Amino acid sequence: MDKRIFEIEEKLKEKLPAKRYIHTVGVMYTCASLAMKYEYDIDKAMMAGLLHDCAKYHDDDTMLKRCEKYNICISETERKMPHLLHGKLGAYYAQSKYGIDDDEILEAIRCHTTGKPGMNKLECILFISDYIEPSRKKIPGLEKVRYCAFNKGLEDAVKMKLICVLDYLEDSSEKDIIDRSTIETLEYYKRLK
Ligand code: FE
Ligand code: FE
């Protein structure tokens, strides 16, 4: 196993709030499980899971300021919901603070918040693991996404996750600010079959 995983895990334990750290470790091992199931590089999947939320400890204001400082482009939706930016900023930190130079890992981190059409294997693995890891609070549809992930296929699981997320958002107060990328991603995965 890539020994950097342990070193980075130690650093994140200090950096992240306890709940976020537990989620992070859950995502990392869920990524490993899906990598085994779908014959992907286990170390790379674990690294993506480990670092996916490495920028998710800033408040909204700091998130925007950091992104501006590092020339990360901010969409209109992201300006309204700065927490969406933790994917882009996380990819930046993964490279600059944790020395990750693998483009596949960086891109999986970058797009994990909203997903995107045509995700590759690692991007799907991270996108799904983020939703189904063991400490995730029980949300409608979670069991279905877990079932799909291990019994149907990565693309089915991505589609199921998006359906659940959008259903959930539509019922909540965040209705008006559903990111367009999330909708585009779902449309793409619905068309697949
Ligand atoms: Fe995240
Ligand atoms: Fe996460």
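Our subject is the structure listed above.
In what follows, the accompanying structure is described.

Examining the overall build of the protein
Summing up its helical and strand segments, the protein has eleven helices and zero strands in all. Along its sequence from the N terminus, the protein presents helices and strands in the succession α-α-α-α-α-α-α-α-α-α-α. Radius of gyration (C-alpha) of the protein: 16 Å, near the 16 Å computed for a compact globule of 193 residues. Projected onto its principal axes, the C-alpha positions of the protein cover 40 × 40 × 30 Å. Relative to its 193 residues, the protein shows a buried fraction of 50%. Taking the contacts inside the protein whose residues are at least 6 apart along the sequence as the reference set, 59% of them involve residues at least 24 apart.

Some details on the nonpolar core
If you look at the biggest cluster of nonpolar residues, it comprises 63 residues, and the most contacted ones within it are Ile 8, Leu 12, Met 47, Leu 51, Ile 100, Ile 128 and Val 158. When near neighbours in sequence (up to four residues on either side) are disregarded, Leu 12 contacts Tyr 21, Thr 24, Leu 50, Leu 51, Cys 54 and Tyr 98.

Digging into the pattern of salt bridges
One pass over the structure, following the stated rule, counts 13 salt bridges. Between Lys 44 and Glu 104 there is a salt bridge whose closest N-O contact spans 2.8 Å. In this pair, Lys 44 is assigned in helix H3 (residues 42-51) and Glu 104 in helix H7 (residues 103-110), connecting sequence segments 60 residues apart. Look at Glu 104 and you get partly exposed, because its relative accessible area is 33%. The network of salt bridges with common partners includes Glu 107, Arg 110, Lys 116 and Glu 123.

As for helix H6 (residues 86-96)
Those residues of H6 not exposed but buried are His 86, Gly 87, Leu 89, Gly 90, Ala 91, Tyr 93 and Ala 94. Each element contacted by the buried residues of H6 is listed here: H3, helix H4 (60-69) and H7.

Focus on the coordination of the iron ion (ligand 2)
At this site the iron ion (ligand 2) is bound by His 23 (NE2), His 52 (NE2), Asp 53 (OD) and Asp 130 (OD), with donor distances of 2.2 Å. Each of the four donor atoms around the iron ion (ligand 2) contributes to a set of angles spanning 81 to 170°, which defines the coordination as irregular. Look at where the donors of the iron ion (ligand 2) fall in the sequence and you get H-x28-H-D-x76-D. Between the iron ion (ligand 2) and the iron ion (ligand 1), the interatomic distance is 3.3 Å, and Asp 53 donates to each metal, bridging them. In this pair, Asp 53 sits in the loop between H3 and H4 while Asp 130 sits in helix H8 (residues 121-132), placing the two residues 77 residues apart along the sequence. Summarising the burial analysis for this pair, Asp 53 and Asp 130 share the class buried.

Some remarks on the packing of aromatic side chains
Inspection of every chain in the model, using the stated rule, returns four aromatic pairs. A centroid spacing of 4.3 Å and a plane angle of 25° characterise the contact between Tyr 70 and Tyr 92, whose relative ring orientation is stacked. In this pair, Tyr 70 is assigned in the loop between H4 and helix H5 (76-80) and Tyr 92 in helix H6, connecting sequence segments 22 residues apart. A relative accessible area of 30% places Tyr 92 in the partly exposed class. On the basis of an interplanar angle of 75° and a centroid distance of 4.9 Å, the ring pair of Tyr 188 and Tyr 189 is categorised as edge-to-face.

The rules behind these values
- Position numbers for residues count from 1 along each chain, tracking the sequence in the order it is written.
- A letter from A marks each chain and a number from 1 marks each ligand, given out in the order of writing.
- Thresholds applied to this predicted model are a pLDDT of at least 70 for local features of residues and 80 or more for the giving and counting of side-chain atom pairs; totals over whole chains, interfaces and linings are not thresholded and use all residues.
- Heavy atoms throughout the structure, all of them, feed into the side-chain values; hydrogens and water do not.
- A run of DSSP states H or I qualifies as a helix once it reaches four residues; a run of E qualifies as a strand once it reaches two. Both are numbered from the N-terminal end.
- For the radius of gyration, the atoms used are the C-alpha atoms, and the globule rule reads 2.2 Å times the number of residues raised to 0.38.
- We call a residue buried when its accessible area falls under 20% of the maximum for its residue type, exposed when it is over 50%, and partly exposed in between, using a 1.4 Å probe and counting protein chains only.
- Only heavy atoms matter for contacts: two residues are in contact if any of them lie within 4.5 Å across the pair.
- To qualify as a nonpolar core, a set must consist of buried Ala, Val, Leu, Ile, Met, Phe, Trp, Tyr and Cys residues joined through side-chain atoms within 4.5 Å.
- Salt bridges are counted wherever a side-chain nitrogen of Lys or Arg sits within 4 Å of a carboxyl oxygen of Asp or Glu.
- Listed donors are limited to N, O and S atoms within 2.8 Å of the metal, widened to 3.2 Å for Na, K and Ca; water is not among them, so incomplete-looking sites are possible.
- Every angle between 85 and 135 degrees makes a four-donor site tetrahedral, while opposite donors more than 155 degrees apart, with all other angles between 65 and 115, make a four-donor site square planar and a six-donor site octahedral; other sites are irregular.
- Two rings from Phe, Tyr or Trp (for Trp, the six-membered ring) form a pair when their centres are within 6.5 Å of each other. A pair whose planes differ by under 30 degrees is stacked, one over 60 is edge-to-face, and the rest are tilted.

Read these as layout, nothing more, since geometry by itself doesn't imply function.
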